[in-house]
Amino acid sequence: MEITGIPFGVTDWSKIKATEHFGETGTAYWRTCQFGSIRVRMIEYTPGYLADHWCSKGHILLCLEGELHTELADGRRFTLTPGMSYQVADCAEPHRSFTSVGAKLFVVD
């Protein structure tokens, strides 16, 4: 990823309106900022959230609160707790996430 053409700025995430995205179960609330081709999000998953699709988009994801489980299409599973992150390239490994207790994430893609 090359970051160009973005002047220094500060984001107050509490002032960004959340959009609602329903999973197979539960809901994700996204606060999104777009900086050129880079999307940055603060995401909150409700307890019991399960993604409704397999995602092939690349991300760098940091778990801030709660616990996030991510399953890859090949069956591998990973658990993130606060302070842990994952990274995956576009079209590399389809993945989907779920949480029983809820999670708050910071995502760059």
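Scroll up for the structure.
Source: prediction; values computed, not measured.

1. Remarks on the sheet that holds strand β4 (residues 59-66)
In step 1: Spatially, β1-β2-β3-β9-β4-β7 is the arrangement adopted by the 6 strands of the open sheet, whose pairing is antiparallel. The open sheet has two edge strands with one neighbour each: β1 (19-22) and β7 (85-88). In this sheet, adjacent strand axes meet at a mean angle of 25° when their direction is disregarded.

2. Considering the nonpolar core
In step 1: In terms of nonpolar packing, the biggest core is built from 14 residues, with I43, Y45, L61, L68, L80 and L105 touching the most fellow members.
In step 2: Looking at this core, the elements with two or more residues in it are β3 (38-45), β4, β7 and β9 (103-108).
In step 3: Of the residues forming this core, the biggest block, 3 residues, is contributed by β9.
In step 4: For L68, the contacting residues outside a window of four places in its chain are Y45, L61, F78, T79, L80, S97, F98, A103 and L105.
In step 5: Of all hydrophobic cores here, the second largest spans 6 residues; its members include W13, C33, I38 and V40.

3. Some words on the pairing of strand β8 (residues 95-98)
In step 1: Of the two faces of β8, only the one carrying H95 and S97 is buried; R96 and F98 on the other face are not.
In step 2: Where strand β5 (residues 68-72) meets β8, 4 bridges bridge the pair, whose relative direction is antiparallel. When the bridges of β8 are listed, L72 appears paired with H95.

What counts as what
- Residues numbered from 1 in each chain as written.
- Predicted model: local features only at pLDDT ≥ 70, side-chain atom pairs only at ≥ 80, totals over all residues.
- Heavy atoms only, no water.
- Pairing = 2+ DSSP bridges.
- Helix = DSSP H or I, 4+ residues; strand = E, 2+ residues; numbered from the N terminus.
- Axes fitted to C-alpha atoms, helices over the stretch in contact; angles between N-to-C directions.
- Core = buried A, V, L, I, M, F, W, Y, C linked by side-chain atoms within 4.5 Å.
- Buried < 20%, exposed > 50% of the residue type's maximum accessible area, 1.4 Å probe, protein only.
- Contact = heavy atoms within 4.5 Å.

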